[in-house]
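Each chain, letter by letter, is given below.
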Amino acid sequence: MEAFSLSSSSISIASNSALKMSKNGDSFMKNKKSIVYCQSGNKAIKSSGISSVLTETSALVSHDHGPSLMETGGLVLSPNGKDLALTSAVEMVDEGIGIVKFLRGKAFFITGATGFLGKVLIEKMLRTAPDVHKIFVLIKAKDQEAAEERLKNEVINSELFRRLKQIHGKSYQDFMSSKLIPVVGNVSESNLGLNEKATDLIAKEVDIIINSAANTTFDERYDIALDINTSGPKRLMGFAKQCQKLKLFLQISTAYVNGQRQGKVMEKPFCLGESIANEKVVHKNQQESLEFDKLNIEDEMNLVMESKQDLEENSVIQKMKELGIQRANKFGWQDTYVFTKAMGEMMIDNLKGDIPVVVIRPSVIESTYKEPFPGWMEGNRMMDPIILHYGKGHLTGFLVDPNGVLDVVPADMVVNATLAAMAKHGAAGKPETNIYQVASSVVNPLLFSDLAKLLYEHFTSSPYIDSSGSPVRVPTMKLFNSMEDFSSHLWRHAITRTGLGALSNLDGKLSQKLEIICRKSVEQAKYLANIYEPYTFYGGRFDNSNTKRLTGFLSKEEKQQFGFDVESIEWKDYISNIHIPGLRKHVMKGRGPSS
Ligand SMILES: NC(=O)c1ccc[n+]([C@@H]2O[C@H](COP(=O)([O-])OP(=O)(O)OC[C@H]3O[C@@H](n4cnc5c(N)ncnc54)[C@H](OP(=O)(O)O)[C@@H]3O)[C@@H](O)[C@H]2O)c1
């Protein structure tokens, strides 16, 4: 990624797709010692907006006492009552959720295992609970052999698994093969593309389904994103209904399903047909809302089919992309990705019947904080292209609200929260939907202006070394509130970098060429800024009360092994000492800045 160039028109949060930005470059335990978990946030509350959201928070706070809320029915009281009850309560908390105990002997069916988060999840499960029964892994492949090959190359042989390799030594491959069962499939196909044999086997054996598969490109074609992110969960829930001993359906969603909600946004599930645009109108004018278009997912699918019939072959891609953004904006979401993910949640909630559901909503997932080792990362994700272009001196400013917040969470914390929620609700077996936002913007906000300072400090003390062996000196990063100012800045910078200003009077042809290069690089940076704008000026802050409460249920040992306290993250340490070095090592493969 030497020049600031975008060779594809799609921006994604995710590894491979994000690289499209430049193809060239770069009542849980069911025994009597149960703790009752108060989940007041899982009732759909119809109104939104900052004030209603804050009211809801207060309600949560006043009614919730976290782990101290005990079901006394299970406690044996001493003659004088209180003391023994208190002791039992302490013992109960010390037992924690029982994550490892829960994983033991269970069978899992996981989608998205070849992805960034899926791998971190599998690694952690196999390392902390080597006696899980087995993990069926859905993999897109032409046949079984190809699926096995993908599992080996993309998962088993990944650098991420080096600690497991050390633990198992020579028997590592055997251990992995005994636990991971690749299954050919595709969430976009009917019955998930599973053959009869796989369907029968998984339906008979599986205890937990985890759906991490997604298309994460912000401006993906509407037909494709709907098929994977909305119909995918629907198909998977259909399959879940066939499973004979299923204990839980766990959906990996995103905190940004909250779309254009403003202020503190709570962990509440979506009901079918809910629309964020409608919430805003309800807030302003009850009468008007009655006339507002209702979101109907079936209508959206029909719209896609009908629109495609009318399109010329060569315009399908562009028109489908435009349609996705249009429909997302119409109903109050910023882009096709989060809109289709939100509809995926609606599908799950609508079809779940009595299957217990957990929805994990992480914000922006970045490199691992601690486990299996700090800084593991895959792909050039969300904020990373900007960091890397800045470090290389290609980008000296960006369109971003300096007082805005970048909501980031390390991948291992997301995985730990997922496992804790899974164990808790898998054991409880209640037919309800529990939402967990794993996010930092409310409890430990990282301001864009602070991030810019951290980047400057980092690349000043550890500059990138250019192809001639010289350190690249970076200026402080300029943050622009308006596209106009950002655009002028980009032009000035491009002209200086290419030397266009100095050459223009000397050679007409050369200056024309340089001008085209400048224009292209400015347009590409503007395109990037446009796509990111809903995130760099994001008005929502993700409440994580449920997630915090979940932390309270962990035992002391579990806190160490499965901690996900985002409040404890030191951003300076994480960004400078963990994340950027991780990017250099695992994404740029050593081509990053010198240290
Ligand atoms: N990364 C983030 O910052 C972030 C933040 C919040 C939430 N999330 C959510 O976390 C989950 C995992 O994200 P990630 O970052 O790990 O994404 P990722 O690296 O792009 O991985 C996506 C996974 O989904 C699979 N997949 C895509 N289409 C599929 C299909 N039709 N059938 C079966 N599998 C399919 C991919 O398989 P192939 O390898 O075959 O393509 C891959 O394994 C997603 O649900 C995402 O929405 C991610």
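These numbers come from a predicted model, not from an experiment.

## Concerning the overall build of the protein chain
Phase 1 of the analysis: Within the protein chain, the regular secondary structure consists of 24 helices and 13 strands.
Phase 2 of the analysis: When the 595 residues of the protein chain are sorted by exposure, 57% land in the buried category.
Phase 3 of the analysis: Here the protein chain has roughly 24,900 Å² of accessible surface; of this, 52% comes from carbon and sulfur atoms.

## Here we look at the site of the ligand
Phase 1 of the analysis: The immediate surroundings of the ligand are formed by 30 residues, with Thr114, Arg150, Asn186, Tyr337 and Arg381 found nearest.
Phase 2 of the analysis: A distance of 2.6 Å separates a nitrogen atom of the ligand from a polar side-chain atom of Asn186.
Phase 3 of the analysis: Backbone polar atom of Val187 to a nitrogen atom of the ligand: 3.0 Å apart, as the coordinates give it.
Phase 4 of the analysis: Across the complex, the protein chains shield 91% of the 890 Å² of accessible surface that the ligand would expose by itself.
Phase 5 of the analysis: Of all the secondary-structure elements, those providing two or more residues to the shell around the ligand are helix H5 (116-128), helix H15 (336-351) and strand E8 (364-366).
Phase 6 of the analysis: Residues of the shell around the ligand, tallied by class, amount to 15 nonpolar, eleven polar and four charged.

## A few points about the packing of helix H16 (residues 384-391) against helix H24 (residues 571-587)
Phase 1 of the analysis: Where H16 contacts H24, the axes come no closer than 11 Å and their chain directions differ by 80 degrees. Here H16 is positioned roughly perpendicular relative to H24, judged by the angle of their axes. Residue-level inspection shows Asp384, Ile387 and Leu388 of H16 in contact with H24, the latter providing His579, Ile580 and Leu583.
Phase 2 of the analysis: Broken down by class, the residue content of the contact of H16 with H24 amounts to four nonpolar, one polar and one charged.

## Structural notes on the nonpolar core
Phase 1 of the analysis: Among the nonpolar cores identified, the biggest contains 136 residues, and Phe108, Leu180, Trp333 and Met422 are the most heavily contacted of them.
Phase 2 of the analysis: Top contributing element to this core by residue count: helix H17 (residues 411-428), with eleven residues.
Phase 3 of the analysis: In this structure, Phe136, Ala203, Val206 and Ile435 belong to the second largest nonpolar core, which totals 26 residues.

## Quick word on the packing of aromatic side chains
Geometry of an aromatic ring pair is reported as the spacing of the ring centres plus the angle between the planes.
Phase 1 of the analysis: Tallied over the entire structure, the rule returns 19 aromatic pairs.
Phase 2 of the analysis: Aromatic side chains Phe331 and Phe339 sit 6.0 Å apart centroid to centroid with 20 degrees between the ring planes, which places their arrangement in the stacked category.
Phase 3 of the analysis: A relative accessible area of 2% places Phe331 in the buried class.
Phase 4 of the analysis: For the ring pair Tyr538 and Phe542, a centre distance of 5.6 Å and an interplane angle of 35 degrees mean the geometry is tilted.
Phase 5 of the analysis: Given the relative accessible area of 9%, Tyr538 is considered buried.
Phase 6 of the analysis: Pairwise contacts between aromatic rings join Phe218, Tyr256, Tyr337, Phe398, Phe480, Phe486, Tyr532, Tyr535, Tyr538 and Phe542 into one cluster.
Phase 7 of the analysis: In this arrangement the basic side chain of Lys124 is found over the ring face of Phe562, its NZ or CZ atom lying 5.0 Å from the centre.
Phase 8 of the analysis: Cation over ring: Arg162 sits above Phe373, and NZ or CZ is 3.7 Å from the ring centre.

## Some remarks on the pattern of salt bridges
Phase 1 of the analysis: Within this structure, the stated rule accounts for 25 salt bridges.
Phase 2 of the analysis: For Glu205, the salt bridge identified is with Lys134, shortest N-O distance 3.3 Å. Of this pair, Glu205 sits in helix H9 (residues 196-205) while Lys134 sits in strand E2 (residues 134-139); the two residues are 71 residues apart in sequence, bridging distant segments of the chain. As far as the burial class goes, Glu205 and Lys134 line up, both buried.
Phase 3 of the analysis: Glu345 serves as the salt-bridge partner of Arg361, at 2.8 Å between the closest nitrogen and oxygen. With Arg361 in strand E7 (residues 357-362) and Glu345 in helix H15, this pair connects stretches of sequence that are 16 residues apart. Accessibility classification places Arg361 together with Glu345 in one group, the buried group.
Phase 4 of the analysis: Several salt bridges converge on common partners, so that one network encompasses Glu123, Lys124, Arg127 and Glu371.

## What to know about unusual backbone geometry
Phase 1 of the analysis: Between Glu371 and the following residue, Pro372, the backbone shows a cis peptide bond with an omega angle of -5 degrees.
Phase 2 of the analysis: As for its position among the elements, Pro372 is in the loop between E8 and H16.
Phase 3 of the analysis: The phi torsion at Leu192 lies on the positive side, around 60 degrees, for a residue other than glycine.
Phase 4 of the analysis: Relative to the elements of secondary structure, Leu192 occurs in the loop between strand E3 (180-184) and H9.
Phase 5 of the analysis: The class of Leu192 is buried, set by a relative accessible area of 0%.

## Quick word on the environment of Glu371
Phase 1 of the analysis: For Glu371, the position within the fold is in the loop between E8 and H16.
Phase 2 of the analysis: For Glu371, a relative accessible area of 18% corresponds to the buried category.
Phase 3 of the analysis: Dropping the residues within four chain positions of it, Glu371 is found in contact with Lys124, Arg127, Arg163, Asp412, Gln560 and Gln561.
Phase 4 of the analysis: Within the local environment of Glu371, its side chain forms a polar contact with the side chain of Arg127, the two groups lying 2.9 Å apart.

## Things to note about the environment of Leu388
Phase 1 of the analysis: Note that Leu388 resides in helix H16.
Phase 2 of the analysis: In the structure, Leu388 is positioned 195 residues away from Leu583 in sequence and 8.6 Å away in space, judged by C-alpha atoms.

## Quick notes on the pairing of strand E4 (residues 208-211)
Phase 1 of the analysis: Taking every second residue as pointing to the same face, both faces of E4 are buried, with Ile208 and Ile210 on one and Ile209 and Asn211 on the other.
Phase 2 of the analysis: As paired strands, strand E1 (residues 107-111) and E4 are joined by four bridges and run parallel to one another. Note that in E4 the partner of Phe108 across the bridge is Ile208.
Phase 3 of the analysis: In this sheet, strand E5 (residues 248-252) lies alongside E4 in parallel orientation, the contact comprising four bridges. From the neighbouring strand, Ile209 faces E5, where its bridge partner is Phe249.
Phase 4 of the analysis: Regarding the hand of the β-α-β motif, the stretch spanning E4, helix H10 (residues 222-240) and E5 is right-handed.

What counts and how
- Residues numbered from 1 in each chain as written.
- Predicted model: local features only at pLDDT ≥ 70, side-chain atom pairs only at ≥ 80, totals over all residues.
- Heavy atoms only, no water.
- Helix = DSSP H or I, 4+ residues; strand = E, 2+ residues; numbered from the N terminus.
- Buried < 20%, exposed > 50% of the residue type's maximum accessible area, 1.4 Å probe, protein only.
- Areas by Shrake-Rupley, 256 points an atom, 1.4 Å probe, with all protein chains shown as cover.
- Near = heavy atom within 4 Å.
- Polar contact = N/O pair within 3.5 Å; in protein donor to acceptor, adjacent residues only side chain to side chain.
- Nonpolar A, V, L, I, M, F, W, Y, C, P; charged D, E, K, R; others polar.
- Axes fitted to C-alpha atoms, helices over the stretch in contact; angles between N-to-C directions.
- Parallel < 35°, antiparallel > 145°, perpendicular 65-115°, else oblique.
- Contact = heavy atoms within 4.5 Å.
- Core = buried A, V, L, I, M, F, W, Y, C linked by side-chain atoms within 4.5 Å.
- Phe/Tyr/Trp six-rings, centres within 6.5 Å; stacked < 30°, edge-to-face > 60°.
- Lys NZ or Arg CZ within 6 Å of the ring centre and 35° of its normal.
- Salt bridge = Lys/Arg side-chain N within 4 Å of Asp/Glu carboxyl O.
- Pairing = 2+ DSSP bridges.
- Right-handed = clockwise from strand over helix to strand, strands pointing away.

Just geometry here; none of it tells us what the structure is for.
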